[in-house]
Amino acid sequence: MSSEFPHIAEQLDRVRRGYADGVVRAIGDRETQLRQLRRFLVEREDDLTSALHSDLGKSSFEAYSTEIGFTIKEIDLALGEIRRWTKPRKTKLPFHLKPGAAEIVQEPLGTVLIIAPWNYPLQLLLAPLVPALAAGNTAILKPSEIAPATAAVVERLLPDYLDGRAVQVVTGGVPETTRLLEERFDHVFYTGNGTVGRVVMRAAAEHLTPVTLELGGKSPAIVAADARLDVAARRIAWGKWVNAGQTCVAPDYVLVEESVISPLLTALGHAIDEFYGEDPMSSDDYGRIVSDRHFDRLTGLLDADGGTVAIGGRSDRSERYLAPTVVTDVDTDGPLMSEEIFGPILPVIPVPSIDAAIEFVNFRPKPLALYVFTERDAVTEKVIGHTSSGGVTVNHTLLHLAVADLPFGGVGESGMGGYHGEHGFDVFSHAKPVLHRRTRPDPGIAYPPYGGLKAKLLRKLL
Ligand code: NAD
């Protein structure tokens, strides 16, 4: 396999040499690359927007807010903070190690591999690149082949902006990713599903390469009987049907206290009408399923589940359109509830109490996100304190991932490691402890032989 794809070997060689030659070692050089990345996003917005539209039917507003603008924000934050992040941090020195000085130096890891999925094909490729560059690494970017238009634009245009010794783009599918994973990297940052996450981790183990795995899962939204149902419905609808449900932190299903299921369903119906009109297919703000394979998977899930389609359900394969769909009477051990839906189908499941909702969540693998809707702090605290998830937003959906100071990532089945803002910088840095000593004084008490009074004194000191 290693002899296949000679261009990959060449590309790797360039960024490895780039690292050895220090192309992004100086902070000024890192800033230059970050500014160039920003220029790419600003000057090529139209090319990127049409690629995202072609891959996922994204509206230009959604393309900007969730992909281009989101990444620009990460760049601006990094540019504003890079001098502080990279500054060595002095620490205290214990008495017996004085005189001297101790500090933590942030060291780049080397050459890193970033593998992105198709659902936010630009953001999830470039948002990790920002901290990788800020921390002084060179990188190979592997865009997803399932979003081919975006991958092609990045491959064609990004090299006009970034130093080829700092960043290389490798396109292609599973064979190319497999080939890359044979190589020794200094970090692998993978976003995608857990099955491939295991492949990535196994390959990385061969070289003892550390990994960040940003995976998915079934993220629940819990709606308490006291919640403001109109607001909860609007916010669940917003988080679920952005990008046609193909968002890793989208609410996968709803657990609602049974006394309010009926008004919640009505409110969800209103929210869908309000957002996308009577025919969401003709709304500019409603996206499409990424591929025929995923379209067939989703419609297959709908057909296989014996539930009741309470809202939506319409589909059109020629357009890869699947309406915002709400399903009730769902079999909790059936197909809709056994894998991440990752599409516009929302099961709404009644539960007798918040305790039952907590038990339902804890019975399943740890999700990437969890949402709770309630007016009562006691309910919020109980849910947060008794469940485990990558992150939580209370009384809204998705938004915790937009707070740069909050680490974004999963736990257990939903992944390992978190990034955004300084947390991303930490992922791509080695916090190296350095102790400085002078050669004078050099008292003999520190060295053997240790006997009698000397040993007693040293024991006291230590
Ligand atoms: P995908 O199919 O595009 O795969 C991602 C990458 O893995 C691609 O570059 C592909 O070439 C590579 N790949 C696929 N199969 C491989 C194999 N057998 N060996 C080696 N490489 C392989 O994306 P996907 O996995 O379908 O993405 C969707 C998943 O990603 C969902 O589970 C979603 O929840 C998750 N996700 C997580 C986050 C997050 O931030 N935690 C964000 C977005 C998506």
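Use the structure listed above.
Conventions used here
Within each chain, residues carry numbers counting from 1 in the order of the written sequence. Reporting in this predicted model follows two pLDDT cut-offs: at least 70 for local features of residues, and 80 or more for side-chain atom pairs to be given and counted; totals over whole chains, interfaces and linings ignore these cut-offs and use all residues. Excluded from the side-chain calculation are hydrogens and water; included are all heavy atoms of the structure. Secondary structure elements follow DSSP: runs of H or I no shorter than four residues count as helices, runs of E no shorter than two count as strands, and numbering proceeds from the N terminus. Exposure is judged per residue with a 1.4 Å probe applied to protein chains only, and the accessible area is read against the type maximum: over 50% gives exposed, under 20% gives buried, and values in between give partly exposed. Charge assignment: positive for Lys and Arg, negative for Asp and Glu; neither His nor the chain ends contribute. We define a salt bridge as a contact between a side-chain nitrogen of Lys or Arg and a carboxyl oxygen of Asp or Glu at a distance within 4 Å. Polar contacts, as used here, are pairs of N or O atoms within 3.5 Å; protein pairs need one atom able to donate a hydrogen and one able to accept it. Residues neighboring in sequence count only if both atoms are side-chain atoms. Residue contacts follow a heavy-atom distance rule, with two residues in contact if any of their heavy atoms lie within 4.5 Å. Near, as used in this document, describes a residue that has one of its heavy atoms within 4 Å of the molecule or strand being considered. Using a 1.4 Å probe, accessible areas were evaluated by the Shrake-Rupley method; residue-level cover was limited to the displayed protein chains. Patch membership needs two things, relative accessible area over 30% and no salt bridge, and members are linked within 9 Å if like-charged or within 5 Å if nonpolar (Val, Leu, Ile, Met, Phe, Trp, Tyr). Two strands are counted as paired when DSSP detects at least two bridges linking them. Crossover handedness is defined here as right-handed if the route from the first strand over the helix to the second strand goes clockwise, with the strands pointing away from the viewer.

Details of the side chain of Arg364
You can see Arg364 is positioned in the loop between helix H14 (354–362) and strand S15 (369–373). Despite its burial, Arg364 pairs with no opposite charge; the closest candidate is Asp333, at 4.6 Å N-O. Of the polar contacts made by the side chain of Arg364, one reaches the backbone oxygen of Phe360; its length is 3.3 Å. Beyond its immediate stretch of four places on either side in the chain, Arg364 contacts Tyr253, Thr332 and Met337.

A few points about the site of the ligand
Close to the ligand lie 28 residues; Ser144, Glu145, Asn193, Leu215 and Glu340 are nearest. The side chain of Glu145 places a nitrogen or oxygen atom 2.8 Å from an oxygen atom of the ligand. Within the contact set of the ligand, an oxygen atom lies 2.6 Å away from a side-chain nitrogen or oxygen of Asn193. Starting from 860 Å² of accessible surface for the ligand in isolation, the protein chains cover 91%. Counting only elements with at least two residues in the shell around the ligand, the list comes to helix H8 (174–181), strand S6 (187–191) and helix H9 (194–205).

Section: a nonpolar patch on the surface
Together, Phe95, Leu461 and Leu462 make up a nonpolar patch on the protein surface, roughly 380 Å² of accessible area in all. When you line up the elements, Leu462 lands in the segment after helix H17 (452–461). Classification of Leu462 by relative accessible area gives exposed; the value is 73%.

Considering the pairing of strand S4 (residues 138–142)
In terms of residue burial, S4 counts as a mostly covered element, since five of its five residues are buried. The alternating pattern of S4 places Thr138, Ile140 and Lys142 and Ala139 and Leu141 on opposite faces, both of which are buried. Inspection of the sheet shows strand S3 (residues 111–115) paired to S4 by five bridges, in the parallel sense. Directly across from Leu113, in S4, lies its bridge partner Ile140. You can see the chain leave S4, run along helix H7 (residues 148–157) and come back into strand S5 (residues 167–169), and the turn it takes is right-handed.

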